[in-house]
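A closer look at the structure
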Amino acid sequence: MAKQQKTIRRSAYGNRKNLTQKQLGEQLGFLGMTSDVRMAQYESEARIPKQNLMKQMAGILGVSPHALTVPDIDTYIGFLHTLFALEDIYGVKITEKDGLICLYRAPSTSSPVDTVSNMLREWQQQAEKLENSEISREEYDEWRYLYPELETSHHWAKTPSKEMSDYLIKKSEK
């Protein structure tokens, strides 16, 4: 499986808060010219911020720290490899239905990743509310950017590591 790189996704959130790289860097405590240079380094993956800095950055931007780091999806190839990783880790499948390519995750009674199905269902419900004008685009984006903090069903849980998941599956097969 290809290694999935993490990238800092500040630009969309920074734009939402009307913050430039320099302004965000200054709020994080970087002085002078180093503020925008440091932020550019984080966004280009030349440097990786420490966890406490990620939390501070998320607080300033008003998003979950999880929203700031994502796999390499800025290229079509990176996006496809991200989908391959989702297949390997979470059992996401691909099919064609009515001429459309669809991704799905079939429920499993023996898998700890059924939580993923619940999370996807919650996302689908929020997207449907947006589509039906029950919530605004701002409310939808806030739900996504702060997930799971604004999630109300409390179905989400920590997913075990790949090693732990493999171990549990092997134990259940015996």
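Description of the structure in this document. Worth saying up front: this structure is predicted, and the values here are computed from it rather than measured.

**With respect to the overall build of the protein chain**
Within the protein chain, the regular secondary structure consists of nine helices and four strands. For the protein chain, the succession of helices and strands along the chain, N to C, is β-α-α-α-α-α-β-α-β-β-α-α-α. The buried share of the protein chain, taken over its 174 residues, is 26%. For the protein chain, the proportion of contacts with a sequence separation of at least 24, taken over those separated by at least 6, is 50%. Within the structure as shown, the protein chain displays about 12,200 Å² of accessible surface, and the carbon and sulfur contribution to it stands at 54%.

**Digging into the packing of helix α7 (residues 114–131) against helix α8 (residues 137–146)**
Each pair of packed helices gets described by two things: the angle between the helix axes and the distance between those axes. At their nearest, the axes of α7 and α8 sit 9 Å apart, and the two run at 165° to each other. Between α7 and α8, the interaxial angle falls into the category roughly antiparallel. Note that α7 runs across α8; the crossing there is left-handed. Touching E122, W123, Q126, A127 and L130 of α7 are R137, Y140, W143 and R144, all from α8.

**Some details on the environment of R16**
Along the chain, R16 turns up in helix α1 (residues 10–16). For the pair formed by R16 and G62, sequence separation is 46 residues and the distance between their alpha carbons is 9.5 Å. Discounting residues that sit within four places of it in the chain, R16 has contacts with L61, G62, V63, E142 and Y145.

**Quick look at the pairing of strand β3 (residues 93–97)**
Burial of β3 is sparse: only zero of the five residues sit out of reach of the surface. Here β3 pairs with strand β4 (residues 100–104) via five bridges, running antiparallel. Among the inter-strand pairings, T95 is bridged to a residue of β4, identified as C102. Adjacent in sequence and paired antiparallel, β3 and β4 are bridged by two residues, among which D98 carries a positive phi angle near 55°.

**Considering the packing of aromatic side chains**
By the definition in use, this model includes two aromatic pairs. Ring geometry for F30 versus Y42: centroids 6.4 Å apart, planes at 55°, classification tilted. Placement of F30 in the loop between α2 (21–27) and α3 (34–43) and of Y42 in helix α3 is noted, with a sequence separation of twelve residues between them. Like F30, the residue Y42 is buried in the burial classification.

**Looking at the nonpolar core**
In terms of nonpolar packing, the biggest core is built from 15 residues, with L24, L28, M39, M57, L61, V63 and L68 touching the most fellow members. Listing elements by their share of this core, those giving two or more residues are α3, α4 (51–61) and α5 (65–68). The dominant element in this core, judged by the number of residues it contributes, is α4, at five residues.

**What to know about the pattern of salt bridges**
Once their charged atoms are close, side chains differing in charge can pair, the charge on each being opposite to the other. Following the criterion strictly, the structure yields three salt bridges and no others. One salt bridge in this structure joins R144 and D141, with 2.9 Å as the shortest N-O distance. Residue R144 and its partner D141 are located together in helix α8, separated by three residues, close to a single helical turn. The exposure class assigned to D141 is buried, which follows from its relative accessible area of 14%.

Quick notes on the rules
Residues numbered from 1 in each chain as written. Predicted model: local features only at pLDDT ≥ 70, side-chain atom pairs only at ≥ 80, totals over all residues. Heavy atoms only, no water. Helix = DSSP H or I, 4+ residues; strand = E, 2+ residues; numbered from the N terminus. Buried < 20%, exposed > 50% of the residue type's maximum accessible area, 1.4 Å probe, protein only. Contact = heavy atoms within 4.5 Å. Areas by Shrake-Rupley, 256 points an atom, 1.4 Å probe, with all protein chains shown as cover. Axes fitted to C-alpha atoms, helices over the stretch in contact; angles between N-to-C directions. Parallel < 35°, antiparallel > 145°, perpendicular 65-115°, else oblique. Left-handed = near helix turned anticlockwise from the far one by under 90°. Pairing = 2+ DSSP bridges. Phe/Tyr/Trp six-rings, centres within 6.5 Å; stacked < 30°, edge-to-face > 60°. Core = buried A, V, L, I, M, F, W, Y, C linked by side-chain atoms within 4.5 Å. Salt bridge = Lys/Arg side-chain N within 4 Å of Asp/Glu carboxyl O.

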